[in-house]
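Listed here are the chains, written in short residue letters.
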Amino acid sequence: MDAIIQYDKSEFHETSSGIKISKKSFIKGTEQINVSGRCIFFNDVILRGDLAKVSIGKYLVVHEKVTLKPSYSYGYTKESPTKKVIKFLPLMISDYVEIDSSSIIQATKIGTCTSIGKNCCISHRCIIGENSIILDDSILPPDTVVPANSVYGGRPAVYIAETPESTAIIQKQKLINFYKNFVPKS
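So, here is what we can say about the structure in this document. (Residues numbered from 1 in each chain as written. Predicted model: local features only at pLDDT ≥ 70, side-chain atom pairs only at ≥ 80, totals over all residues. Heavy atoms only, no water.)

### Structural notes on helix α1 (residues 167-181)
Structural remark: α-helix, 3.6 residues per turn; residues separated by three or four positions point the same way. For α1, with 15 residues, the first-to-last C-alpha span of 21 Å sits near the 21 Å given by 1.5 Å per residue. Of the residues making up α1, those classed as buried are T167, A168, Q171, L175, I176, F178, Y179 and N181. (Helix = DSSP H or I, 4+ residues; strand = E, 2+ residues; numbered from the N terminus. Expected span 1.5 Å × (residues − 1). Buried < 20%, exposed > 50% of the residue type's maximum accessible area, 1.4 Å probe, protein only.)

Below you can see the structure in the form of structure tokens.
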């Protein structure tokens, strides 16, 4: 049986859809953030919805000191074809994703049943396929595409192995159990 994790109810907001957000987190631009429900945001999480739309699936666990920030690209306007402008891109995080502590995420898409380790930097416009694992202390350079069912690690992160076929089942069960066992102190 998985361990029960008790938290102080006075330190978290809980929504009617089961989203548990630490009061010590910084969330900006809530009108552009769509969360499916049953997610946990621990202390010191920064979530920037003021820059672009952020879509989050169910059973996301974001550990301490993680920054989730939409990526950007440079482009030109019709009015000034020589003047560069910054365009922020939507951030999409699918279901059953875990992002471990002190990581910085500026990807455009994180696939279902993905695990991102501690102290990772997922750079601008990265796309991470489903059932993937990014190992601790990894740096994904800008525009990296991590294929589905891959393990990436290193600085810069490179392909290391294929994930087992059971990855999706294990990740789903792990995060459902984590959520169920994350309960307020009596």
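### Topic: the pattern of salt bridges
All told, the structure shown has 4 salt bridges when counted by the stated rule. Linking D95 and K58 is a salt bridge whose minimum nitrogen-to-oxygen distance equals 3.4 Å. Here K58 lies in the loop between β8 (54-56) and β9 (61-62) and D95 lies in the loop between β13 (91-93) and β14 (98-99), a separation of 37 residues in the sequence. Between R125 and D143 there is a salt bridge, with its nearest N and O atoms 2.7 Å apart. Taken as a pair, R125 in the loop between β18 (121-122) and β19 (127-128) and D143 in the loop between β21 (139-140) and β22 (145-146) lie far apart in primary sequence, 18 residues in all. Of the residues examined, D143 reaches a relative accessible area of 44% and is grouped as partly exposed. (Salt bridge = Lys/Arg side-chain N within 4 Å of Asp/Glu carboxyl O.)

### Points about the nonpolar core
Among the nonpolar cores identified, the biggest contains 31 residues, and F41, L68 and I122 are the most heavily contacted of them. Mapped by element, the contributors of at least two residues to this core are β5 (33-35), β8 and β13. Apart from the residues within four sequence positions on either side, I122 is in contact with I104, I105, Q106, A107, I116, I128, I134 and L140. The next biggest cluster of nonpolar side chains, apart from the first, holds 14 residues, and it includes Y7, Y59, V61 and F178. (Core = buried A, V, L, I, M, F, W, Y, C linked by side-chain atoms within 4.5 Å. Contact = heavy atoms within 4.5 Å.)

### As for a nonpolar patch on the surface
A surface patch of nonpolar side chains, about 250 Å² in accessible area, is lined by L135, V158 and I160. Within the secondary structure, L135 sits in the loop between β20 (133-134) and β21. The exposure class of L135 is partly exposed, given its relative accessible area of 35%. (Patch = residues over 30% accessible without salt bridge, like charges linked within 9 Å, V, L, I, M, F, W, Y side chains within 5 Å. Areas by Shrake-Rupley, 256 points an atom, 1.4 Å probe, with all protein chains shown as cover.)

### A short note on the environment of K20
Secondary-structure assignment places K20 in strand β3 (residues 20-22). For K20, a relative accessible area of 6% puts it in the buried group. Along the primary structure K20 and C126 are separated by 106 residues, whereas in three dimensions their C-alpha atoms are 27 Å apart. If sequence neighbours within four positions are ignored, K20 has contacts with Y7, F12, H13, E14, C39, I40, F41, Y179 and F182. Of note is the side chain of K20, whose polar atom sits 2.8 Å from the backbone oxygen of F182. (Polar contact = N/O pair within 3.5 Å; in protein donor to acceptor, adjacent residues only side chain to side chain.)

### Considering the sheet that holds strand β4 (residues 26-28)
Strands sit in the order β4-β7-β10-β15-β18-β21 across an open sheet of 6 strands; the sheet is parallel. Each of the sheet's edge strands pairs with one partner strand only, and the pair in question is β4 and β21. Two strands pair when backbone bridges link them, and β4 and strand β7 (residues 46-48) are joined in this way by 3 bridges, in the parallel orientation. In the sheet register, F26 faces β7, and the bridge partner there is I46. (Pairing = 2+ DSSP bridges.)

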